[in-house]
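# Chains, contacts and geometry: an overview
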Amino acid sequence: MLFLLRPLVPLLLIPLASFALANVQFTSNQAETATEIIEKLTTKHYRQQPADDELSRNLLNQYVNLLDPSKSYLLQEDINEFKQWETKLDDMLKDGDLSAGFEIYNRYYQRTMARLQSNIDLLESGFQFDLTKDEYLPYDTESGAWPTTNEDADDYWRKRIKEAFLRLKLNDKEPEAARELLIKRYTNLKKQLTQRDSEDVFQAYMNALTGLYDPHTAYMSPRSAENFQIALSLSLTGIGAVLQLEDEYTKIVRVVPGGPADKQDILKSGDKIVAVGQHKQEMVDVVGWRLDEVVKLIRGEKDSIVRLEIIPATGESAGNSREISIVRDKIQLEEQAAKAEVIEINNDAGNYRVGVIDIPAFYLDVEAYYNRDPNFKSTTKDVLRLLGELRDQKVDGIILDLRNNGGGFLQEATTLTDLFIDPGPIVQVRNADQYISRNYRSRDEAYYRGPLMVLINRLSASASEIFAGAIQDYGRGLVVGGQSFGKGTVQVQLPLQEGQIKLTESKFYRVSGESTQHQGVVPDIKLPSFYDADKVGESSEENALPWDKIPPVPHRQYKFTQVPIDALQNRHDQRLKEDPDLIYLSEELALIKERRELKQLSLNEAQRRRETKEYDNKLLSMENKRRESKQLIVYASVEEWRTASKPEDSDDRTLSEKDPILYEVGNILADYMNLTYSPLRQARRP
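Thresholds applied
Residues numbered from 1 in each chain as written. Predicted model: local features only at pLDDT ≥ 70, side-chain atom pairs only at ≥ 80, totals over all residues. Heavy atoms only, no water. Helix = DSSP H or I, 4+ residues; strand = E, 2+ residues; numbered from the N terminus. Buried < 20%, exposed > 50% of the residue type's maximum accessible area, 1.4 Å probe, protein only. Contact = heavy atoms within 4.5 Å. Pairing = 2+ DSSP bridges. Right-handed = clockwise from strand over helix to strand, strands pointing away. Axes fitted to C-alpha atoms, helices over the stretch in contact; angles between N-to-C directions. Parallel < 35°, antiparallel > 145°, perpendicular 65-115°, else oblique. Left-handed = near helix turned anticlockwise from the far one by under 90°. Salt bridge = Lys/Arg side-chain N within 4 Å of Asp/Glu carboxyl O. pLDDT = per-residue confidence, 0-100. Nonpolar A, V, L, I, M, F, W, Y, C, P; charged D, E, K, R; others polar. Expected span 1.5 Å × (residues − 1). Phe/Tyr/Trp six-rings, centres within 6.5 Å; stacked < 30°, edge-to-face > 60°. Lys NZ or Arg CZ within 6 Å of the ring centre and 35° of its normal.

### Focus on the overall build of the protein chain
On a plain count of helices and strands, the protein chain comes out with 22 helices and 21 strands. Per-residue burial over the protein chain gives 53% buried out of 686 residues. In the protein chain, the proportion of contacts linking residues at least 24 apart, taken out of those at least 6 apart, comes to 77%.

The following block contains the structure:
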């Protein structure tokens, strides 16, 4: 059916004056806290950035972009008006004057309430969206300009509402049900906005300020500090995922190893949460909600079920979402414990037994450790035990899998390195006054001296990077995979008049003198990666501290430095061209990259359905190509593929199918041993 567009005049009939000012005011305690924050940032932060006119200009830009990141509510005239404070915010903050920050918020509140009501009125008016018209909604609004007129804003919002309506329709919502859901969404957003108080506004303003120093420096209000402590204690029962807001969506930043989502393998980094439901109850649309409110819905009793409607990171441009169910559970220390397995590698280099130790985090049972309990759990103790077990199983070499390991206790990164190198320095730490500490050292003889590879990816961060960097600098083994996260800074929490500040006070440096900050650890052999380095990692963050170098510290070099990297790389490149599972992986990554580069989203229903069908057919073609190469039965249609009992749903899959990256690292290790380590293979030394 062809729907004709009506003029958008009704959207212009709701003036700002019809909405009462939010009139959120700051308190005297917040004024004192602001002066404390400025003092601590300018005297204790590693960056040593003065509070001057340049910082003031940056703060103004940062704050309005934090409030309205998609440039959806404020107008250019608002931005022009805010420029009266362009060089004054630094002096005002030093005096405890928060009036500018709160006035800017109150204007944002007015604009947003007016816009949300306009959206509701449009939907309630029975306005019909023309889904046959060829028009597009741009993806990237952050780099665009603020709307100059209400008419410009109206046209953008008409397209945005149309896209939301179309997305629901593509996911089998009846038109009227989709309309009602959107009305409810914008009504909920209004309710959410009215619930923001002085504490929320102050936290936003202060985090715009702290974010100018680096992405890991942040102000935590009393309410946020309490939630932070709950998260640290691991007493939280939920799905096991790190979340953040991106525009109006709650995005999965990282799936916690050992958590419910990780065990069920149905949630991925980059997925966006659209709605949350409690078992059989009605789904609650959470687009535009505050992060802490979304977290409250996701938390729940152990063994209870939470349902999530998500937009998968790999297919969002097609406009499809899907519903998943996760059984809530507590994330116990034992669930993040290191685990080992033996894999068999048979390739042109020969037959090898390879031990794989998966290390999800650098953990330590602090209470038991300080109580001198001899049975305290730690990463190093568990890996030491696993190395012994693998030695008894006569493995030829070891892979340490640090993929998705976001770090943990620095002490554990040090003691773990101690298992593989003889006494020597492991990491250098330089603080804000430029003093360099080299106290983190390996102090015992190496326990394992055999062939070693360390597998990392873009989500390997902090302590993982210290360990991988030390192994690489000593030439103790090869680092393979993807470039790591680049989180090479150390934070300290300081109390304030009201709340706390988490402040970056020092940086990590490798024994080579290179920082792990920003650049991370660059692997010796790079493998295919699902993560876009432009969107994931320290280098993707605004105001991240830069990579730099300090003088190296003397350290020994092991014989592994003579590894023929070129020969290993050539063999790996050949398998990328010949191995069916690696070919499928490379083609899948290329398809994902292609979709990420799209600049706009079609608002034509027929075209969107074509795009979805084309995407599914490409995936089916890739899968059938893989199956043909492995002499497996191919699927006649997408529907047959989706409904069939596929090998992917069974534990009988080969490792090359379940985890082609890990299997390929096994191949590289086999090549490595074949080329350089055959004498030690015969001895099977620990």
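### With respect to unusual backbone geometry
Positive phi, normally seen in glycine, also occurs at Arg 372, with a value near 60 degrees. Within the element layout of this structure, Arg 372 appears in the loop between α12 (366–370) and α13 (379–392). Non-glycine residue Gln 434 carries a positive phi angle of around 75 degrees.

### Concerning the environment of Asn 207
Considering the arrangement of structural elements, one finds Asn 207 in helix α8 (residues 198–210). For Asn 207 and Leu 59, which are 148 residues apart along the polypeptide, the C-alpha to C-alpha distance reads 9.8 Å.

### Quick look at the pairing of strand β17 (residues 478–481)
Across the two faces of β17 the burial is the same, with Leu 478 and Val 480 and Val 479 and Gly 481 all buried. Alignment of strand β16 (residues 452–456) against β17, held across 4 bridges, turns out to be parallel. Among the inter-strand pairings, Met 453 is bridged to a residue of β17, identified as Leu 478. Assessed by its sense of winding, the connection that carries the chain from β16 through helix α15 (residues 463–473) to β17 is right-handed. One ladder, built from 2 bridges, connects β17 with strand β20 (residues 525–526); its direction is parallel. Opposite Gly 481, over in β20, you have Lys 526 as the bridge partner.

### A look at the packing of helix α5 (residues 99–124) against helix α7 (residues 175–194)
One way to put it is that α5 packs onto α7 with a least axis distance of 9 Å and a crossing angle of 160 degrees. The orientation of α5 with respect to α7, classified from their angle, is roughly antiparallel. Crossing of α5 over α7 shows left-handed handedness. Contacts from Tyr 105, Tyr 108, Tyr 109, Thr 112, Met 113, Leu 116, Gln 117, Asn 119, Ile 120, Leu 123 and Glu 124 in α5 reach Arg 179, Leu 182, Ile 183, Tyr 186, Thr 187, Leu 189, Lys 190, Leu 193 and Thr 194 in α7.

### Considerations on the side chain of Gln 607
By the element assignment, Gln 607 lies in helix α18 (residues 605–629). Given a relative accessible area of 17%, Gln 607 falls into the buried group. The residues touching Gln 607, leaving out its near neighbours within four places in the chain, are Asp 134, Tyr 136 and Ser 602.

### Examining the pattern of salt bridges
Side chains that differ in sign of charge can pair as their charged atoms come close. The tally for this structure, following the rule as stated, stands at 41 salt bridges. One salt bridge connects Lys 630 with Asp 581, and the closest N-O pair in it is separated by 2.9 Å. Pair noted here: Lys 630 is in the loop between α18 and α19 (638–643) and Asp 581 is in helix α17 (residues 580–596), with a separation of 49 residues, a long-range link. Overall, Lys 630 belongs to the partly exposed group, its relative accessible area being 26%.

### What about the confidence of the model for the protein chain?
Per-residue confidence for the protein chain averages 86 on the pLDDT scale, and 89% of its residues sit at or above 70. Considering only residues more than four positions removed or in separate chains, one finds that residues 1–20, a stretch of pLDDT under 50, has 40 contacts. Within the model, the stretch residues 679–686 combines pLDDT values under 50 with 12 contacts to residues more than four positions away or in other chains.

### Considerations on the packing of helix α1 (residues 28–44) against α8
Remark: α1 packs on α8, axes separated minimally by 11 Å, with the N-to-C direction vectors making an angle of 15 degrees. Relative to α8, the element α1 lies roughly parallel. Seen along the crossing, α1 lies across α8 with a hand that is right-handed. Mapping the contact onto sequence places Gln 30, Thr 33, Ala 34, Ile 37, Ile 38 and Leu 41 in α1 and Ser 198, Glu 199, Phe 202, Met 206, Leu 209 and Thr 210 in α8. Taken together, the residues of the contact of α1 with α8 break down into 7 nonpolar, 4 polar and 1 charged.

### Side note on the sheet that holds β17
The strands that make up a sheet pair up through hydrogen bonds in the backbone, lying either parallel or antiparallel. Sheet architecture is open: 6 strands sit in the order β11-β12-β13-β16-β17-β20, paired in mixed fashion. At either end of the open sheet lies a strand with only one pairing partner, and these are β11 (339–347) and β20. By the bridge criterion, 4 bridges tie strand β13 (residues 397–401) to β16 in an arrangement that is parallel. Within β16, the position partnered with Ile 398 by the bridge is Leu 452. Most of the contacts of helix α21 (residues 660–676) go to β11, to which it runs at about 65 degrees, and overall it touches β11, β12 (350–358), β13, β16, β17 and β20.

### Here's the deal with α21
Over its 17 residues, α21 runs 24 Å from end to end, which matches the ideal 24 Å to within 8%, given 1.5 Å per residue. With 14 of 17 residues buried, α21 lies mostly within the body of the structure.

### A short note on the packing of aromatic side chains
To describe a pair of aromatic rings, you give the distance between the ring centres and the angle between the ring planes. Overall, the coordinates contain 16 aromatic pairs when judged by the stated rule. Ring geometry for Tyr 156 and Trp 157: centres 5.9 Å apart, planes at 75 degrees, overall edge-to-face. By relative accessible area, Tyr 156 is classed as buried at 18%. Taking 6.4 Å as the distance between ring centres and 55 degrees as the angle between the ring planes, the aromatic pair formed by Tyr 474 and Tyr 558 counts as tilted. Placement of Tyr 474 in the loop between α15 and β17 and of Tyr 558 in the loop between β20 and α16 (565–578) is noted, with a sequence separation of 84 residues between them. In this structure, Lys 71 is placed above the aromatic ring of Trp 146, and the distance from its NZ or CZ to the ring centre is 5.1 Å. A cation over an aromatic ring shows up here: Arg 556 above the ring of Tyr 558, its NZ or CZ 4.2 Å from the ring centre.

### Topic: the pairing of β13
Of all the 5 residues making up β13, 5 are buried; the element is thus mostly covered by neighbouring parts of the structure. Every second residue of β13 is oriented toward a common face, with Gly 397, Ile 399 and Asp 401 on one face and Ile 398 and Leu 400 on the other, all of them buried.

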